[in-house]
Structures are given as C-alpha cells and as structure tokens.
Amino acid sequence: MIILQTSKKLSKPISLSQEEKIKWMTRLLSKAKLVGKKGEVPVAAIILDKRGRCIGYGGNRRESMKDPLGHAELVALRQASWINNDWRFNDCTLIVNLEPCPMCAGALIQARMGKVIYGAEDAKRGALGGTINLAEHKSAHHNMLIEGGIMEEESRRIIVEWFKDKRVLPRESLLSKLR
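Residues numbered from 1 in each chain as written. Predicted model: local features only at pLDDT ≥ 70, side-chain atom pairs only at ≥ 80, totals over all residues. Heavy atoms only, no water.

Our next topic: the pattern of salt bridges. Scanning the model with the defined rule gives six salt bridges in all. Close ionic contact of E152 with R156 constitutes a salt bridge, the shortest N to O distance being 3.2 Å. A residue pair is termed a helical-turn pair when its members lie 3 or 4 positions apart in one helix, as E152 and R156 do in helix α5 (residues 152-178) at four residues. Residue R156 is classed as partly exposed on the basis of its relative accessible area, which comes to 30%. One salt-bridge network, held together by shared partners, links K21, K115 and E147. (Salt bridge = Lys/Arg side-chain N within 4 Å of Asp/Glu carboxyl O. Helix = DSSP H or I, 4+ residues; strand = E, 2+ residues; numbered from the N terminus. Buried < 20%, exposed > 50% of the residue type's maximum accessible area, 1.4 Å probe, protein only.)

Next up, the structure:
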C-alpha cells in the first residue's frame, strides 16, 4: 500500500475579529464608491493571506476593460495568484461588499478559497446563499467557509443608490431635453 502525502501542508484562513472585518469592509466600501464613480457597478474585493496581508485587490472593470470577466473577485484572484505564485487559496480569505455571482463563486471554489466574507446578499444573482449556494452543491469538491452580512446595510445602500442614480439620471436628462 502506498500513501501519498502532499508536500504542502494545508493551513486554515486567518481568523478575523468582528472589528477587523468591519475595518476591511469599510476600506472596501470606500473603494467600491470610487469604482461606482467610474461607471462600474460598485463592487470591490480583497484577498488576505493567512497572516492577514492583502495579496489581491480588485474593483469591477467590465465596462472600462470591455471584459465580461472583469468582476472584482476575479481581478483580485488574478493579482493574488501572481503574488502568491499559486492558484490555490486554501489559507486565504476573500472579502467583498456584494455576495459573489455564479461565475465568481465557481472561480472561488475552483481556486479553493478558504473563506469568503461578504457584505450584502444578492437576492437576484447571489451564488453563495442568495439564490443558490454553489459551495454546497454536490459538484463542489472544496469546503469553503462563508460569512455574509458584514456591514450589510451600508453595502446594500451603495449598490441600491448606484442603480437608482443610473436609472433616474437618464430620465431627468431626457425630460430636460423635452422641456
């Protein structure tokens, strides 16, 4: 009988206090507002390594880069994998202000993200509990810790106000032209 051992011992993601989660989410919300001012849906994400250091940051870039993969989580994953020199993130934590969509949740599962912390639940497209939980699907080969609701109201407010402005401003512009 042969027993194979990996040369890499898997470690757990950092355990953050509530205060630390709020500190990181506050930073993300300020970044998300900047992303929103650039015409992107105001979503920002970071990846922390097992020591609590930021190794990846991303803001939505779909419109500016004309890239369907320009979601904040994927941008942060690309950067973190380059810095980490690895595609596995068992000992890392992703923090994002909006629950990941199916594409991003799938990527996080494939990347073996240790933990995901998000602000607002996405009742329309959320894939870590909002509409579906891909992390609990039978095809998910990786157990990922998920925690939602960190600064939920503030996170939701930024998204709702951004979409409200997007819908109201064009109408006001059109009405002013008709007057």
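Picking up where we left off.
The biggest cluster of nonpolar side chains holds 31 residues, and the ones touching the most others in it are I47, L77, F89, L94, M113 and M144. Within the residue set of this core, elements represented by two or more residues are β1 (44-48), α3 (72-84), β3 (93-98), α4 (102-110) and β4 (115-120). Considering every element that reaches this core, the biggest residue donor is α3, with five residues. Residues contacting M113, with those up to four places away along its chain left out, are I47, L77, F89, C92, T93, L94, L108, H142 and M144. The next biggest cluster of nonpolar side chains, apart from the first, holds 14 residues, and it includes M25, I150, M151 and I158. (Core = buried A, V, L, I, M, F, W, Y, C linked by side-chain atoms within 4.5 Å. Contact = heavy atoms within 4.5 Å.)

Before going further, it helps to examine the environment of V116. Topologically, V116 is positioned in strand β4. Here V116 falls in the buried class, since its relative accessible area comes to 0%. Taking C-alpha positions, V116 is 7.4 Å from M144, a pair spaced 28 residues apart along the chain. If sequence neighbours within four positions are ignored, V116 has contacts with L94, P100, L108, L128, M144, L145, I146 and E147.

Further remarks concern unusual backbone geometry. Located in the positive-phi region is K66, a residue other than glycine, with phi close to 55°. Within the secondary structure, K66 is located in the loop between α2 (62-65) and α3. With a relative accessible area of 70%, K66 lands in the exposed category. One non-glycine residue with positive phi stands out, namely N85, at about 55°. For N85, the location among the structural elements is in the loop between α3 and β3. Residue classification places N85 among the exposed positions, given a relative accessible area of 69%.

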